[in-house]
Amino acid sequence: QVQLVESGGGLVQAAGSLRLSCAASGSISRFNAMGWYRRTPGKQRESVAVIPSGGSTVYADSVKGRFTISTDNAKNTVDLRMNSLKPEDTAVYYCHAATQFFDYWGQGTQVTVSS
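Residues numbered from 1 in each chain as written. Predicted model: local features only at pLDDT ≥ 70, side-chain atom pairs only at ≥ 80, totals over all residues. Heavy atoms only, no water.

S.K.: What's the story with the overall build of the chain in this structure? I'm lost.
M.R.: When helices and strands are counted, the chain shows zero helices and eleven strands. Secondary structure elements of the chain, listed N to C terminal, follow the sequence β-β-β-β-β-β-β-β-β-β-β. Against the compact-globule benchmark of 13 Å for 115 residues, the chain has a radius of gyration of 13 Å, which places it among compact chains. Seen along its three principal axes, the alpha-carbon backbone of the chain occupies a region of about 40 × 25 × 25 Å. With 115 residues in all, the chain has 42% of them scored as buried. Long-range contacts, defined as pairs at least 24 residues apart, comprise 53% of the intrachain contacts of the chain with a sequence gap of at least 6. Only carbon and sulfur atoms are counted for the fraction: they give 47% of the accessible area of the chain, which is about 6,200 Å². Separation between the mean location of the 11 positive side-chain charges and that of the 8 negative ones in the chain comes to 1 Å. (Helix = DSSP H or I, 4+ residues; strand = E, 2+ residues; numbered from the N terminus. Rg over C-alpha atoms; globule rule 2.2 N^0.38 Å. Buried < 20%, exposed > 50% of the residue type's maximum accessible area, 1.4 Å probe, protein only. Contact = heavy atoms within 4.5 Å. Areas by Shrake-Rupley, 256 points an atom, 1.4 Å probe, with all protein chains shown as cover. Lys, Arg positive; Asp, Glu negative; His and termini not counted. Charge placed at Lys NZ, Arg CZ, Asp CG, Glu CD.)

S.K.: I keep staring at the state of the cysteines and nothing clicks. Help me out?
M.R.: By definition, a disulfide is the covalent link that joins the sulfur atoms of two cysteine residues. Counted by the stated rule, this structure contains one disulfide. The disulfide that involves Cys-22 links it to Cys-95, with 2.1 Å between the sulfurs. On the sign convention where negative means left-handed, the S-S torsion of about -80° between Cys-22 and Cys-95 marks this disulfide as left-handed. You can see Cys-22 sitting in strand S3 (residues 18–24) and its partner Cys-95 sitting in strand S9 (residues 91–98), a full 73 residues away along the chain. (Disulfide = S-S within 2.5 Å.)

S.K.: Would you take a moment to explain the side chain of Asn-76 for this structure?
M.R.: Residue placement: Asn-76 occurs in the loop between strand S7 (67–72) and strand S8 (77–82). A distance of 3.1 Å separates a polar atom in the side chain of Asn-76 from the backbone nitrogen of Ile-28. In this structure Asn-76 touches Cys-22, Ala-23, Ala-24, Gly-26, Ser-27 and Ile-28, once residues within four positions along its chain are discounted. (Polar contact = N/O pair within 3.5 Å; in protein donor to acceptor, adjacent residues only side chain to side chain.)

S.K.: Honestly, the pairing of strand S11 (residues 109–114) in this entry has me stumped. Any pointers?
M.R.: The alternating pattern of S11 places Thr-109, Val-111 and Val-113 on a buried face, while none of Gln-110, Thr-112 and Ser-114, on the opposite face, is buried. When strand S2 (residues 10–13) meets S11, the two strands line up parallel, connected through four bridges. Bridging from a neighbouring strand, Leu-11 pairs with Thr-112 of S11. Both S9 and S11 contribute to a ladder of three bridges, which runs antiparallel. From the neighbouring strand, Ala-91 faces S11, where its bridge partner is Val-111. (Pairing = 2+ DSSP bridges.)

S.K.: Help me understand the environment of Phe-101 in this model?
M.R.: Its location among the elements puts Phe-101 in the loop between S9 and strand S10 (103–105). Placed 15 residues apart in sequence, Phe-101 and Lys-86 show a C-alpha to C-alpha distance of 35 Å.

Nothing here speaks to function; it is geometry throughout.
Below you can see the structure in the form of structure tokens.
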């Protein structure tokens, strides 16, 4: 059973920065892709940043140039560095990992950006 545990959310002022971290139980090398998604009330969950195994990182247009996703195989983590935060980035952020057959989700961490 795969567990993904997020940390690092919180309250920050606009233009500030936060770093989210997601720790996986076991090696992350088994995943075809890892990423971060977010959901705001009344909206569908959207992809923020995804790292495919052996492929190019994909960012949502709304976060390009501000957010950076990275993985650490030694620590089995996937991090999301968020700079120049805007109030519209306020959401619950979820860590995601996928194998060929299964999708795994973390419990979510709240990010609130005040104006």
